[in-house]
Amino acid sequence: MFTDDEGKVRDPQLVRMFLMMHPWYIPSSELATKLFQIYQESDGSENSSLQIKTCHLVRYWISAFPAEFDLNPELAEQIKELKVLLGREGNERHSSLIDIESV
């Protein structure tokens with residue numbers, strides 16, 4: 001994954017390039033769906049590291065490209081749903097990483 005467990009981006013230039021250019025080959029809403037699937041499939045204590053890394057990536061995506069969420073209401077709604085799901089499941093730490101309201 002692109003981040004470590006503390007949210008430090010391993011290669012900021014690569015991550016920015018990926019997030020900037022992904023619409024060329026996958027729509028943002030589809031990328032959000034795939035990240036959501038990765039999060040759900042990595043359920044369990046041995047995979048919690050992947051879950052937190054996924055949340056950190058979403059957090060970085062929002063902070064680095066806020067206009068993308070402003071211009072794409074479907075994408076913003078998907079991320080809001082992810083945040084709500086995390087809160088409902090009791091993953092407050094993960095949920096707190098995703099701040100779509102600031103966009």
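Residues numbered from 1 in each chain as written. Predicted model: local features only at pLDDT ≥ 70, side-chain atom pairs only at ≥ 80, totals over all residues. Heavy atoms only, no water.

(A) Representation of the overall build of the protein chain. For the protein chain, the count of helices and strands is 6 helices and 0 strands. Seen in sequence order, the protein chain has helices and strands lined up from the N terminus as α-α-α-α-α-α. Scaling as 2.2 N^0.38, a compact globule of 103 residues should have a C-alpha radius of gyration of about 13 Å, and the protein chain matches this with 13 Å. With the principal axes as the frame, the protein chain shows a C-alpha extent of 35 × 30 × 25 Å. The buried share among the 103 residues of the protein chain stands at 40%. For the protein chain, contacts bridging at least 24 residues in sequence account for 59% of all contacts bridging at least 6. Carbon and sulfur atoms provide 53% of the accessible area of the protein chain, an area that totals close to 6,100 Å². The positive charge centre, built from 10 side chains, and the negative charge centre, built from 17, are 5 Å apart in the protein chain. (Helix = DSSP H or I, 4+ residues; strand = E, 2+ residues; numbered from the N terminus. Rg over C-alpha atoms; globule rule 2.2 N^0.38 Å. Buried < 20%, exposed > 50% of the residue type's maximum accessible area, 1.4 Å probe, protein only. Contact = heavy atoms within 4.5 Å. Areas by Shrake-Rupley, 256 points an atom, 1.4 Å probe, with all protein chains shown as cover. Lys, Arg positive; Asp, Glu negative; His and termini not counted. Charge placed at Lys NZ, Arg CZ, Asp CG, Glu CD.)

(B) Examining the packing of helix α1 (residues 12–21) against helix α3 (residues 48–64) more closely. Relative orientation of the contacting elements α1 and α3 amounts to 75 degrees, with a least axis distance of 11 Å. Judged on the interaxial angle alone, α3 and α1 are roughly perpendicular. Here Pro 12, Val 15, Arg 16 and Leu 19 of α1 lie close against α3, whose contacting residues are Leu 57, Tyr 60, Trp 61 and Ala 64. Here the residues of the contact of α1 with α3 are counted per class, giving 7 nonpolar, no polar and 1 charged. (Axes fitted to C-alpha atoms, helices over the stretch in contact; angles between N-to-C directions. Parallel < 35°, antiparallel > 145°, perpendicular 65-115°, else oblique. Nonpolar A, V, L, I, M, F, W, Y, C, P; charged D, E, K, R; others polar.)

(C) Focus on helix α5 (residues 73–88). Between its first and last C-alpha, α5 extends 22 Å over 16 residues, near the 22 Å set by a 1.5 Å rise per residue. If you check which residues of α5 are buried, you get Leu 75, Ala 76, Gln 78, Ile 79, Leu 82, Leu 85 and Leu 86. On its buried side, α5 packs onto α2 (28–41), α3, α4 (66–71) and α6 (92–97). A positive phi of about 85 degrees marks Gly 90, the residue just after α5. (Expected span 1.5 Å × (residues − 1).)

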